[in-house]
Amino acid sequence: MQKVLIANRGEIARRIIKTCKKLNIETVAIYAEADADLPYVKEADSAFLIGPSQVQQSYLKVDDILALAKREGVDAIHPGYGLLSENSSFARKIEEAGMIFIGPDPQTIDTMGDKIGSRQTMKAAGVPVVPGTDDGIETLEEAIQEAKLIGYPIMLKASSGGGGIGMIRCDNEQALSQNFVSVKTRAKAYFGDDVVFLEKYISGGRHIEVQIFGDTHGNTVHLFERNCSVQRRNQKVIEESPSPNFPKPALERLLQAAVDAAKAVNYRNAGTVEFIVDEDNQFYFLEMNTRLQVEHPVTEAVTGFDLVEWQLKVAKGELLPVINQADIQSKGHAIEFRIYAEDPKTFFPSPGNIKKLQWGSTEDIRIDAGYEEGNTVTPFYDPMIAKVIIQSETRDEAIIKAQKFFSSVTIEGIKTNVHLFQEFLGAKAFQDGTYTTAVLPQWLEQQKEEIK
């Protein structure tokens, strides 16, 4: 593998370029008109304009990307996360063209990308799944009948959804009736598939995921868990590892279930198995993400491994760098914060020119940024501008380091959630490590009440 095309943008493109440089692999970047001045374009060995700013006319143009890859003689394509990363048709076309897709087998993407199909597969493998429907719901009348059997609150979900899109909590029949058509319509618009299903909403739940890796030689391992329960609009904001206040026996069962899930679909390369964990530490399968996660640096911080390097080696057909589970250890504590160009009160995107960007004290702190001072955050893409990964020997020390860091950050020209992190880090539920997926919405409501 001498040359890799990165079918992505921003910070994940920079992240992949960094490891490729370490391994002396040449990189080819693509960029849309809006991204011409971003750092990754300059850092790649070569970069090519792929189209206008709109994502459908640039980063999602499969045939144009493949034509460029063939013209430049690349050996492999790394999809990053989002965009085409879980598009099985894209993966197949790459392989049909004689290039390597740096990710799982296309059939695995198909199986696990369909949330209904993945539920059925996990049930067959003995992995606990959230109570819900095992088939798509066609009509509102059918949804109402199924919801009565499951019991409210329920989650109405798009079978092909992801990233918090195409799902909504319904506390009663009225809410289900109000949202049924809109969720189906949204699912069709975003994913080209309007199939929806119902799942029981687990109250007081924690969102805990497990990083798994498999190779083509039958080896499968996990690289421990990440707690992703701090969310807004079903989208992760803070992730940490290890997960606080999670009893070891329950954790070991969850880690084994993740490995079982991966083996059930002969998983290769990087993947993540997501679970919801209830108040009694009972866990249920939610979904499998068949790609590298946004929050993979958390796992890199506590294990010391370069997951992109693992991806590249496994894609070439090599053995996993570590095949014995006992040789993979978790040390210290790491927390990742996603910095968004958004209004922290409404979570609406805040595009604009970054007039000033000073990170302040960054000793022993990892910053994966997609933008630099002077760059413009446009409305065409996800508004995440950087990820900050704080690591220390203990969780308490990591929180203190994070508070110090965020107090030194200066970003001008756009609104960001930096101030939100400064304040939220002092929340008792977060500091105690007892938080659930409701922690951020509840804390924001408390802040509003205190202002009144």
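Residues numbered from 1 in each chain as written. Predicted model: local features only at pLDDT ≥ 70, side-chain atom pairs only at ≥ 80, totals over all residues. Heavy atoms only, no water.

1. Observations regarding the pattern of salt bridges
Next, step 1: In this structure the tally under the stated criterion is 35 salt bridges.
Next, step 2: Where Glu209 meets Lys236, a salt bridge forms, and the shortest distance between an N and an O atom there is 2.7 Å. Here Lys236 lies in strand S11 (residues 235–241) and Glu209 lies in strand S9 (residues 206–214), a separation of 27 residues in the sequence.
Next, step 3: Look at Lys236 and you get buried, because its relative accessible area is 8%.
Next, step 4: With a shortest N-O distance of 3.3 Å, Asp343 and Lys415 are connected by a salt bridge. You can see Asp343 sitting in the loop between strand S14 (333–340) and strand S15 (352–353) and its partner Lys415 sitting in the loop between strand S20 (410–412) and helix H13 (418–424), a full 72 residues away along the chain. (Salt bridge = Lys/Arg side-chain N within 4 Å of Asp/Glu carboxyl O. Helix = DSSP H or I, 4+ residues; strand = E, 2+ residues; numbered from the N terminus. Buried < 20%, exposed > 50% of the residue type's maximum accessible area, 1.4 Å probe, protein only.)

2. Let's talk about helix H10 (residues 296–303)
For an α-helix the count is 3.6 residues per turn, leaving residues at separations of three or four pointing the same way.
Next, step 1: Most of H10 is tucked away: 8 of the 8 residues are buried.
Next, step 2: What H10 keeps buried is the set His296, Pro297, Val298, Thr299, Glu300, Ala301, Val302 and Thr303.
Next, step 3: Just downstream of H10 lies Gly304, where phi reads positive at about 85 degrees.

3. A word on helix H4 (residues 88–96)
Next, step 1: What H4 keeps buried is the set Ser88, Phe90, Ala91 and Ile94. Along H4, the residues classed as buried sweep out an arc of 160 degrees about the axis, all on the same side.
Next, step 2: Looking at the buried residues of H4, the elements they touch are helix H3 (62–72), strand S4 (76–78), strand S5 (100–101) and helix H5 (106–113).
Next, step 3: A side-chain oxygen of the first residue of H4 lies 3.0 Å from the backbone nitrogen of Ser89; this N-cap is Asn87.
Next, step 4: Where H4 ends, the next residue or the one after it, Gly98, has phi of about 85 degrees, a positive value. (Arc of directions from axis to C-beta. Contact = heavy atoms within 4.5 Å. Polar contact = N/O pair within 3.5 Å; in protein donor to acceptor, adjacent residues only side chain to side chain.)

The values are spatial; any link to function lies outside them.
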